[in-house]
Structure formats: C-alpha cells, structure tokens
Amino acid sequence: MSARSHLLNPLRWPLAIQMLVGLVLGLTAGMLWPDFSVALRPLGTAFVEAIKMIVIPVVFATVTLGIYRMGREMRALGRVAVICFAYFYLATVVSILIGLGLNALFHPGAGASLAATGKIPANLAVSVDWVKFFMDMIPSNVLAAMAQQKVLPTLVFSILFGLALATLGEVGKPVVALLEAVMLAMFKITRWITATAPVAIFAIVAWLFASQGLATVTALAKLVLVMYLGLVVLVLVFWLILAAIGERPIAVTRAIMEPVILGFSTRSSEVTLPVHMEKLRAMGVPDRITGVVLPLGYAFNRDGSIMYFALAVTFLAEAYGVELTGAALFTILMVTTIASKGSANVPSGGLVAVAMVLTAIGLPVEALAVIAGVDAFLDMGRTAVNVFGNTVAVKLVQRYAAQAGGEQAVGVPVAAGAGEA
C-alpha cells in the first residue's frame, strides 16, 4: 500500500521525473493556452535568477578549494590541466566533424528559404579581440567582476587564490574551512531552489512555446531534425568514451538527468552548474576534480553548441549557394575551433562564433537572421548536450588523473547518483 501511494503521489517521484512532467505539461500549455502561458514567464525568470544568485559563490568556493587541494602537488594539477584541455580540443574537433558530416549526408540547406525568421543582435562582433579577451580575464576589481556574473575572471582569481592558500600551510586553514562552509551552504541553497524546478520548467517551456510559435520550426524543420540527430550521435560518442574508461553509460546518464533536463528547459549552462556539481559529488567524483574541471568545461567545452556551429554554417552556405570545397570545409573546421574558445567570455558568444565562421567563408553576417527564429528550440538541445559533455570531461579527468597519481578511480554509485534530489 505504501509503495502504491508513493507512485500515486507526484511529490514523491524522483525530481528528474517531476522535471520531465513539468516540461511536457509546459509544452502542452504553451500550444493550447498561449495567453495564459505568456503570463507565466515571471515564474521561470525568478527561478533562473535564484540559481544565478549562487553561481559565482559556488564557482569561487569550489575552484579555490579544488586548486588548494591539488596545489600542494603541482604535478597532479599539471596532469589535470593537460588531460582537461587535450580532451576539450579533441571533443571540439569531433563535434565539428559530426556537424560537417551530417550536412554532407542530408544537405538541410539545399533549397532552403532565405527569408529572415528572426533578428540578430545589433553590432554583433565578427571577430575576437584577443588582447581584450585576455585582459578581460584579469579582473582589476574582482568583486565588480563577480557582481557582473563574469565567470572567466572569477575563475582566474579563484585559481590564483587557491594556489596562494596552498603555499600558506597552517595560516591558510581557517580560510579553507570558511570556503568549505560556503560551498556546503551553497549546495544546501541549491537543493532548496531545485525543489521548485518542476514548476519553473513548466513556466519556462510554456512561455517559450507560446511566445516563439512553431511556424518557423516547420519552415526550417529539416535543420532542426538534422541538428537533433547530430546531438544523438554526439551522445552516442560520449557513451562510447564512458564505456572505454570503465563507466556505465546508462548509469551516468541517469545520475545527471536533473542538470541535463534543467539545461534543456532553461537553455542556460550557467543555471545548471550548482546542480551539476552536487550530482557529480553524489556520484563519487572528488571535489578537487569537479571544482576545477567543471567550471573550465562550462567556459571552454561546449560540444553541443560547437556541433551546431558547424552545421549552421554549412546550412547557410548551401542555402546561399556557396560551394563547400575541401578548402572551405577546412576553413570551417579551423575557424570554428578557434572561435568557439575565443568567444567564451564574449556577449552572445555563440552568435559571435558563427558570425566569425560565416565571414571567413565569405557569407554576410545577416545570414544569421535566416535561422534566428528557431535558435531557441535548437539551443535547448545543444545546452543539454553541453552539460552531458562536461560530465564526460570530469569522468575522464577523474579516471586518468587518478591513475597517473596512483589513486583509485571512483566509479558511479548508481543508488547515490540517480534520483537524488
């Protein structure tokens, strides 16, 4: 009887299931009752702002503590950095090749309508000012950078602060204890906020489908379908990587469903960061690895987005009748790889990256307006895959950094990782 009442009471369902129900109900409401759904936007906005409230404290505390714990052994820190960035660039190239391959197979841009379906931001940059990019990573006022929700400057300061604490010995331990308390408090607040996630997801998805409409999705249905097929291929590649390092792909996927669904619904990787960190912690990943790799991954490793960049550029090239020769494809590969990293700290970074590649192959930036109308629907899937891709990055670093350091790699405790609110 108790088991049956547990199943019949939605409040006792795992949070991931509640989120999925909220997503489906939101989609239904958005299509059937658009006026009501548009009015729900403040509920979703309040949830997103509440999560953003704790992102910077979480990044500062976890990155500082992670660097502090590895800073006393510089070789361990070096191993993590090398494995981390080697994987980021390898995943970037694989993601681009998948996008290019799918375009070659399906040609979604052939015969596509060139009518603008949306607007692009005014004065959108078509290149990265590398001097400004690196200068922006060094905050002249770290508190101001944190107040402006700038993750990369916060990362740089946290890394330096963690390294400095590691050299202080006993003197630095009270600060370390304070940061550990801050981190635990932020995770507690995260649990409070994510308890309301099903309602927030319902409101966000209902508003999105009511306000964006499905007319442009129908017009560009081939691009949308091919992009989601590409994301499925990318997830299969991630599963192969997880299996190759001794993990159980389905178990890992189930364990991180909450941040994945949250990323899909809110279209924001930043919003998923605190929840994602807590889930990885429950899966047995050491804080010192999660605290370093995950924030770096969210800044530099956006596999779903990068696959989309390659697909979007080739789609627009074919729609404009540009021949995709071997030289053009190589240009797309190289420029997308560079642009995806250089746009990490730039407003509208994804659009900037696509604009840079369009310019490199001779297409006008205004071409972005053709696909802008469906960007929100595409963003949902690619954000979810970004979250999953960074899980793979963390597990990979955990496995090989631990092996190189003579530690035992920790697998996924399914009961702890899956379904924990």
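Treat the numbers as computed from the prediction; the structure is a model and nothing was measured.

Colleague: Talk me through the nonpolar core; I want residue IDs and the actual numbers.
Modeller: Ranked by internal contacts, the top residues of the largest apolar core, which has 129 residues, are F47 and I371. Per-element accounting of this core gives the leading share, 15 residues, to helix 4 (residues 41-71). The residues contacting I371, other than those within four sequence positions of it, are T117, L220, L223, Y308, A312, F315 and L316.

Colleague: I'd like to hear about a nonpolar patch on the surface, residue by residue, with values.
Modeller: Residues L105, F106, L229, V232 and L236 make up a contiguous nonpolar surface patch of about 460 Å² in total accessible area. Taken together, the elements giving at least two residues each to the nonpolar patch come down to helix 5 (74-106) and helix 12 (221-244). Looking at which element gives the most residues to the nonpolar patch, the answer is helix 12, with three residues. Here F106 shows up in helix 5.

Colleague: Tell me about the UniProt feature "transmembrane region" (unreviewed entry) in the chain, and please be specific about residues and values.
Modeller: UniProt's feature table lists "transmembrane region" (unreviewed entry) at residues 12-33, 45-68, 80-106, 151-169, 189-211, 223-245, 306-339 and 351-374, given in the numbering used throughout. Along residues 80-106, the helical share is 100% and the strand share 0%, with 39 Å between the first and last C-alpha atoms. Annotated as 91% helix and 0% strand, the span residues 189-211 places its first and last C-alpha atoms 31 Å apart.

Colleague: Before we move on, can you summarise the side chain of N301 with the specific residues and values?
Modeller: One can find N301 in the loop between helix 16 (287-300) and helix 17 (303-319). Assessed through its relative accessible area of 0%, N301 is described here as buried. Residues contacting N301, with those up to four places away along its chain left out, are Y87, F88, A91, L296, K341, G389, N390 and A393.

Colleague: With reference to specific residues and values, describe helix 17.
Modeller: The first and last C-alpha atoms of helix 17 sit 24 Å apart over 17 residues, in line with the 24 Å expected at 1.5 Å per residue. Taking burial as the measure, the 17 residues of helix 17 include 17 buried ones, the bulk of the element. The first or second residue beyond helix 17 is G321, which carries a positive phi of 80°.

Colleague: Could you give an account of the pattern of salt bridges, naming the residues involved and the relevant values?
Modeller: Inspection of the entire model under this criterion finds eight salt bridges. Taking the shortest distance from any N to any O, the salt bridge between E258 and K279 comes out at 3.4 Å. Within this pair, whereas E258 is found in helix 14 (residues 257-266), its partner K279 is found in helix 15 (residues 269-282), the two being separated by 21 residues in sequence. An identical accessibility class is assigned to E258 and K279; each is buried. Of the charged contacts in the structure, one is a salt bridge between D379 and R382, with a shortest N-O distance of 3.3 Å. Here D379 pairs with R382, and both are found in helix 21 (residues 375-404), just three residues apart, close to one helical turn. It is possible to trace a salt-bridge network through shared partners that takes in D375, D379 and R382.

Colleague: Could you give an account of the packing of aromatic side chains, naming the residues involved and the relevant values?
Modeller: Going through the model one piece at a time under the given rule, you end up with eight aromatic pairs. Between F60 and F161, the ring centres sit 5.8 Å apart and the planes meet at 25°, which makes this aromatic pair stacked. Taken as a pair, F60 in helix 4 and F161 in helix 8 (residues 151-166) lie far apart in primary sequence, 101 residues in all. Taking the relative accessible area as the measure of exposure, F60 reaches 18% and is therefore buried.

Colleague: Let's hear about the packing of helix 4 against helix 16: which residues, and what values?
Modeller: At their nearest, the axes of helix 4 and helix 16 sit 7 Å apart, and the two run at 125° to each other. When the axes of helix 4 and helix 16 are compared, the pair comes out oblique. Where helix 4 crosses over helix 16, the handedness of that crossing is left-handed. Contacts from T62, V63, G66, I67, R69 and M70 in helix 4 reach D287, R288, G291, V292 and P295 in helix 16. Grouping the constituent residues of the contact of helix 4 with helix 16 by class yields five nonpolar, three polar and three charged.

Rules used in this analysis
- Residues numbered from 1 in each chain as written.
- Predicted model: local features only at pLDDT ≥ 70, side-chain atom pairs only at ≥ 80, totals over all residues.
- Heavy atoms only, no water.
- Core = buried A, V, L, I, M, F, W, Y, C linked by side-chain atoms within 4.5 Å.
- Buried < 20%, exposed > 50% of the residue type's maximum accessible area, 1.4 Å probe, protein only.
- Helix = DSSP H or I, 4+ residues; strand = E, 2+ residues; numbered from the N terminus.
- Contact = heavy atoms within 4.5 Å.
- Patch = residues over 30% accessible without salt bridge, like charges linked within 9 Å, V, L, I, M, F, W, Y side chains within 5 Å.
- Areas by Shrake-Rupley, 256 points an atom, 1.4 Å probe, with all protein chains shown as cover.
- Salt bridge = Lys/Arg side-chain N within 4 Å of Asp/Glu carboxyl O.
- UniProt positions renumbered as here; feature names shortened; annotations may be inferred.
- Expected span 1.5 Å × (residues − 1).
- Phe/Tyr/Trp six-rings, centres within 6.5 Å; stacked < 30°, edge-to-face > 60°.
- Axes fitted to C-alpha atoms, helices over the stretch in contact; angles between N-to-C directions.
- Parallel < 35°, antiparallel > 145°, perpendicular 65-115°, else oblique.
- Left-handed = near helix turned anticlockwise from the far one by under 90°.
- Nonpolar A, V, L, I, M, F, W, Y, C, P; charged D, E, K, R; others polar.

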